[in-house]
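Observations on the model geometry
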Amino acid sequence: VGKFADWKRLDAVLYAAKEYEGKFPDVGTAIVGTGPPDAVEKYQSMAKTLGLERTVFLGPKGQDVLAELFSMSEVGMFPSYKEPFGMVFI
């Protein structure tokens, strides 16, 4: 969840998805957020290049939808190397 910025390390999430999609057929990845069109294209292309079949880009979502997504998720990935507000961890 968040904006598509290099410091969020979405590439690390996609590389990890490549590993676990191959080992766990019932695990998928929901990516929520957006960014500049070139960043969106970069990460969507990367997912295709990696052959990710259970990784979906949902775009930006409101707080009510985020609450539902967090409730139905079993794992959260936060590979950022900095978080200016850190609210996601609360």
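The following refers to the structure shown. Sequence order as written defines residue numbering, which begins from 1 separately in each chain. Reporting in this predicted model follows two pLDDT cut-offs: at least 70 for local features of residues, and 80 or more for side-chain atom pairs to be given and counted; totals over whole chains, interfaces and linings ignore these cut-offs and use all residues. In computing side-chain values, all of the structure's heavy atoms are included and hydrogens and water are not.

Here a helix means four or more residues in a row that DSSP labels H or I, a strand means two or more in a row labelled E, and each is numbered from the N terminus. Note that glutamate 21 resides in helix α1 (residues 10–23). One buried charge, glutamate 21, has no salt-bridge partner; the nearest side chain with opposite charge is arginine 54, at 4.6 Å. By definition, residues are in contact when any of their heavy atoms lie within 4.5 Å. Residues in contact with glutamate 21, not counting those within four places in the same chain, are Val27, Gly51, Leu52, Glu53, Arg54 and Thr55. Burial classes: relative accessible area under 20% of the type maximum marks a residue as buried, over 50% as exposed, and values in between as partly exposed (1.4 Å probe, protein chains only). Note on charges: Lys and Arg go in the positive column, Asp and Glu in the negative column, and His and the chain ends are not counted at all. Salt-bridge detection follows one rule: a side-chain nitrogen of Lys or Arg within 4 Å of a carboxyl oxygen of Asp or Glu.

Our focus in this paragraph is the nonpolar core. If you look at the biggest cluster of nonpolar residues, it comprises 14 residues, and the most contacted ones within it are Phe4, Leu10, Leu14, Tyr43 and Leu52. Looking at this core, the elements with two or more residues in it are α1 and α2 (37–49). Setting aside its immediate chain neighbours within four residues, tyrosine 43 contacts Phe4, Ala5, Asp6, Leu10, Asp11, Leu14 and Phe57. Definition of nonpolar core: a set of buried residues of the types Ala, Val, Leu, Ile, Met, Phe, Trp, Tyr and Cys, connected through side-chain atoms within 4.5 Å.

Our next topic: the pattern of salt bridges. One pass over the structure, following the stated rule, counts one salt bridge. The partner of aspartate 6 in a salt bridge is lysine 42, with the nearest N and O atoms 3.4 Å apart. Of this pair, aspartate 6 sits in the segment before α1 while lysine 42 sits in helix α2; the two residues are 36 residues apart in sequence, bridging distant segments of the chain. Among the residues examined, aspartate 6 registers a relative accessible area of 56% and is labelled exposed. The exposure class assigned to lysine 42 is partly exposed, which follows from its relative accessible area of 45%.

Attention now goes to the side chain of threonine 55. Turning to its location among the elements, threonine 55 is positioned in strand β2 (residues 55–59). Assessed through its relative accessible area of 10%, threonine 55 is described here as buried. Contacts described as polar in this section are N or O atom pairs within 3.5 Å, which, within protein, must combine one atom able to donate a hydrogen with one able to accept it, while residues neighboring in sequence count only if both atoms come from side chains. Within the structure, the side chain of threonine 55 is placed 3.0 Å from the side chain of glutamate 21, a separation counted as a polar contact. Ignoring sequence-local partners within four residues, the contact set of threonine 55 consists of Leu14, Ala17, Glu21, Thr29 and Ile31.

For α1, which comprises 14 residues, the first-to-last C-alpha distance of 20 Å matches the rise-based estimate of 20 Å (1.5 Å per residue) to within 8%. Among the residues of α1, those classed as buried are Leu10, Val13, Leu14, Ala17, Tyr20 and Glu21. Contact partners of the buried residues in α1: β1 (29–32), α2 and β2. To estimate how far a helix should extend, the number of its residues minus one is multiplied by 1.5 Å.

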